[in-house]
Amino acid sequence: MAEDLHIHKGTKEEQYRALIPQIQALIEGEPDLIANLANITGALKEQFNWFWVGFYLVKGEQLVLGPFQGPVACTRISRGRGVCGTSWAKAETLIVPDVEKFPGHIACSSLSKSEIVVPLLHNGNVWGVLDVDSDALDQFDETDRHFLEQIVSVIIPG
Ligand code: SME
């Protein structure tokens with residue numbers, strides 16, 4: 001397919017609904033995991049212009065920084081630490097309306113105000129997380145959880 005992303009306006013739900021088939025088309029037929037993760041971060045950043053969008057991948061007892069869009073970030077996060085490590089340990093999506101109120105939040109940037117972390121699951125095991133940060137408070141809600149979980153469900157771990 002052409003690599004141009006078609007950016008849609010409208011409600012958040014409409015934006016996700018327009019974006020998801022484009023993400024599927026981008027990663028369909030491409031077996032390379034890093035290429036696919038990179039394009040997903042690019043697509044999400046282009047559509048929503050969030051402050052930071054990226055993946056952390058499980059390597060042993062840590063999450064290690066993967067493809068992302070945004071400012072430089074922490075490279076390693078231990079299981080159970082921060083929002084990402086807690087999402088990994090619980091194997092569930094975490095929505096944090098105000099990062100300063102999340103005990104143990106890891107501040108890669110002081111500009112980050114709210115966050116959503118979605119685990120990447122394969123046969124019930126977490127093999128990474130998608131982390132999205134906003135410079136606005138209370139940016140993420142159940143709509144984001146629903147569609148981001150849908151987006152990561154089609155990623156096949158390499
Ligand atoms: N805030 C995250 C760390 C990753 S950065 O936001 C990119 C956390 O608490 O896990």
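These lines cover the structure that appears in this document, whether it is placed above or below. Model, not experiment: these values are computed from the prediction. (Residues numbered from 1 in each chain as written. Predicted model: local features only at pLDDT ≥ 70, side-chain atom pairs only at ≥ 80, totals over all residues. Heavy atoms only, no water.)

## Points about the site of the ligand
The condition is simple: We call a residue near a molecule or strand whenever a single non-hydrogen atom of that residue lies within 4 Å of it. Two N or O atoms form a polar contact when they lie within 3.5 Å of each other; inside protein one atom must be a possible hydrogen donor and the other a possible acceptor, and for residues adjacent in sequence the pair counts only when both atoms belong to side chains. Numbered from the N terminus, helices here are DSSP runs of H or I no shorter than four residues, and strands are runs of E no shorter than two. Each residue gets one of three labels, nonpolar for Ala, Val, Leu, Ile, Met, Phe, Trp, Tyr, Cys and Pro, charged for Asp, Glu, Lys and Arg, and polar for the others, Gly among them.
Neighbouring the ligand are 13 residues, the closest being V83, C84, I106, C108 and D133. A distance of 2.9 Å separates an oxygen atom of the ligand from a polar atom in the backbone of V83. Side-chain polar atom of E115 to a nitrogen atom of the ligand: 3.1 Å apart, as the coordinates give it. For the shell around the ligand, the secondary-structure elements that each account for two or more residues are β1 (52–59), α3 (82–90) and β6 (125–134). Counting residues per element, the shell around the ligand draws most heavily on α3, which supplies three residues. Of the residues belonging to the shell around the ligand, the class tally is eight nonpolar, two polar and three charged.

## A word on the nonpolar core
Put simply, the rule is: Residues belong to one nonpolar core when they are buried, are Ala, Val, Leu, Ile, Met, Phe, Trp, Tyr or Cys, and are joined through side-chain atoms within 4.5 Å. Partly exposed describes any residue whose relative accessible area lies between the buried limit of under 20% and the exposed limit of over 50%, with all areas from a 1.4 Å probe on protein chains only and scaled to the type maximum. Note on contacts: a residue pair qualifies if any of its non-hydrogen atoms lie within 4.5 Å across the two residues.
L44, W50, L130, L148 and I155 are the most contacted members of the largest nonpolar core, which has 29 residues in total. At the level of secondary structure, the elements contributing two or more residues to this core comprise α1 (12–27), α2 (33–48), β1, β5 (114–122), β6 and α4 (142–153). Those residues in contact with I155, other than ones at most four positions away along the chain, are L33, L37, I40, F55, L120 and W127. Core analysis: the next-biggest nonpolar cluster, separate from the first, contains 16 residues, L63, A73, L94 and V99 among them.

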